[in-house]
Amino acid sequence: APLHRLEYAAQLEQKQHFVEKALRRLPREMQVAARSDTQRERWRMPWLSQERLNQRHGLPCPVAPVLPAAATHGYRNKCEFTIGRDEDGSVAVGFTLGTVRERKHVVGRADGVPTVSAEMLAAARRAQAVLAESPLPPYDKVSHEGFWRAMLARQSFAHADGPPELLLCVAVQAAGLPEEQVASELARLREAFVAPLDPPVRLSLAVRRGAPPGEYKHAGEPAEAEGVETVLGREYIEETLLGLSFRISPDAFFQVNTLGAESLLTLLRAQCSLGPDSVLLDVCCGTGTIGLAMARSVKRVIGIESNAQAVADAAANAARNGITNAEFICAKAEQATRQVLERLTPSELDSLVAIVDPPRAGLHPDVVKALRRCAPLRSLLFVACHAPAFVTNAVSFCRPTSPSFAGVPFELVQAWPIDLFPHTPHCELVTLLERSDLVAEREAAQAKRSRAGAGGEEGGEADEPDEGPVLRPGRRVTLC
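Residues numbered from 1 in each chain as written. Predicted model: local features only at pLDDT ≥ 70, side-chain atom pairs only at ≥ 80, totals over all residues. Heavy atoms only, no water.

## Notes on the overall build of the protein chain
Each helix and strand counted, the protein chain has 13 helices and 16 strands in total. In terms of overall size, the protein chain behaves like a compact globule, its C-alpha atoms giving a radius of gyration of 25 Å where 480 residues would be expected to give roughly 23 Å. Across its three principal directions, the C-alpha atoms of the protein chain cover 85 × 50 × 45 Å. In the protein chain, buried positions account for 54% of the 480 residues. For the protein chain, long-range pairs separated by at least 24 residues make up 70% of all intrachain contacts whose partners lie at least 6 apart in sequence. (Helix = DSSP H or I, 4+ residues; strand = E, 2+ residues; numbered from the N terminus. Rg over C-alpha atoms; globule rule 2.2 N^0.38 Å. Buried < 20%, exposed > 50% of the residue type's maximum accessible area, 1.4 Å probe, protein only. Contact = heavy atoms within 4.5 Å.)

Next up, the structure:
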């Protein structure tokens with residue numbers, strides 16, 4: 001939580017500056033990309049003219065003020081605790097202070113970190129006490145030796161029927177150790193968590209053998225049996241968003257800020273008018289949060305996700321909420337997006353709404369190209385957790401038509417930053433992009449109304465209010 005010493009208002013100012021700084025890169029990145037084109041005049045786009053950029057202080061589009069978080073402390077529903085030793089050599093369950101590159105693996109205790117809930121802190125302290133008495137040492141990322149590696153915690157926040165659910169998943173490196181000793185230590189850990197925590201929770205405990213997902217495995221690390229074994233409670237927690245119940249397993253993607261996720265979904269709903277004939281393509285769908293939140297307003301939902309457990313959770317989430325018009329495909333987005341678009345009927349394409357919420361690295365180039373090629377897709381809402389990665393994708397969406405980038409290019413129309421991560425530099429960014437011909441049509445219509453309005457002052461009819469760039473199925477819109 002590197003920003004925890006700043007007042008929250010100052011944090012929002014810093015995030016606004018970060019988002020706007022990233023977006024100001026887009027015109028420059030477009031200029032860089034144009035240098036390799038022999039027909040550079042094609043890159044002279046009205047929305048990136050110097051006159052318009054000057055009017056917006058260098059920004060490629062209007063940027064709304066950062067939407068503040070509903071809760072700023074203890075808001076994370078997922079924390080990944082490292083197990084190691086602190087500067088005094090004692091066992092610690094918390095967060096890494098040193099780096100492997102520095103040949104230093106020091107773990108600081110989680111107490112006092114403002115983003116972590118009281119329930120998770122209590123669980124970390126309980127685990128720390130148990131591991132301190134274990135004959136098996138914590139894992140060291142420099143020497144690649146040790147038994148106790150990490151502890152993942154997932155917590156529910158929308159719980160009206162008792163204390164919150166808390167799921168712990170402890171990762172261990174058991175290869176080469178006698179199975180009897182491993183079983184004994186895991187049984188001791190389980191017994192420690194049978195006793196109630198303070199604050200109270202409904203606790204589940206699971207064990208993973210080997211490195212947690214995303215953690216680097218060095219070349220000589222022994223192979224471990226795959227999978228997660230539940231040793232106490234059940235293998236998932238349940239969370240509620242906008243009246244829907246979601247099942248979340250240890251590795252499934254879910255927004256780390258529950259209240260913030262509701263703000264994000266509310267914004268997406270406000271920018272998209274769905275109809276009963278709409279077909280919703282939810283790319284990088286995770287556990288189906290966005291798609292299922294809109295399922296009752298559309299004809300059909302198609303979700304694409306590469307994590308098999310998340311896909312299973314999405315299907316279970318649809319069933320538990322009585323949603324029967326949603327299907328989820330387990331595949332890489334760059335492989336499945338084009339195939340799904342090709343098999344839709346003309347009427348489904350005309351009513352298509354596609355939502356893409358990619359990981360931090362951004363959208364795969366093949367997904368961008370598939371969406372650009374789909375002519376009925378007229379607008380895009382891009383949900384990004386890293387603004388610089390969005391800018392890289394935006395260059396591909398907005399560059400002139402070419403054999404490699406088919407389809408009418410898009411323009412960046414509006415941006416909405418949302419603070420889902422108080423006390424950190426991170427900020428979610430929702431951006432609206434529209435095909436350039438659609439923007440030209442709207443601007444021409446606005447100019448015509450303005451001229452009619454001037455006549456209206458002398459007795460003509462009054463203008464209809466301009467609704468601005470809002471996603472509508474009638475305009476064959478895409479949320480992306």
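## Considerations on the sheet that holds strand β1 (residues 78–85)
The strand order β3-β2-β1-β4-β5-β6-β7 describes an open sheet built from seven strands, whose pairing is mixed. Either end of the sheet is taken by a strand with one partner, and the two such strands are β3 (107–109) and β7 (228–232). Across the sheet, the mean angle separating the axes of adjacent strands is 35° when strand polarity is ignored. In terms of strand pairing, β1 meets strand β2 (residues 91–96) through four bridges, oriented antiparallel. Residue pairing in the sheet places Thr82 in a bridge with Gly94 of β2. Against the sheet, helix α5 (residues 179–194) touches β4 (148–155), β5 (165–172), β6 (202–209) and β7, its axis set at about 165° to β6. (Pairing = 2+ DSSP bridges. Axes fitted to C-alpha atoms, helices over the stretch in contact; angles between N-to-C directions.)

## Details of empty space enclosed by the protein
This structure, assessed with the given rule, holds three cavities of 30 Å³ or more. Roughly 100 Å³ of internal volume is contained in the largest cavity. Taken together, Phe253, Gln255, Ala261, Leu264, Leu265, Asp282, Cys284, Cys285, Thr289, Ile290 and Asp357 make up the full set of residues lining the largest cavity. The set of elements that each furnish at least two residues to the lining of the largest cavity consists of α6 (258–270) and α7 (289–294). For the lining of the largest cavity, the per-class residue count stands at seven nonpolar, two polar and two charged. If you add up the space inside the second largest cavity, you get close to 40 Å³. Together, Pro358, Pro359, Arg360, Gly362, Phe382, Ala384, Cys385, His386, Ala389, Phe390 and Asn393 line the second largest cavity. If you list the elements that add at least two residues to the lining of the second largest cavity, you get β14 (379–384) and α12 (387–398). (1 Å grid on protein atoms, 1.4 Å probe; cavity = no way out; pocket = protein on both sides within 12 Å on 5 of 7 lines; lining within 4 Å. Points joined across faces, edges and corners; volume = space filled by probe spheres on them. Nonpolar A, V, L, I, M, F, W, Y, C, P; charged D, E, K, R; others polar.)

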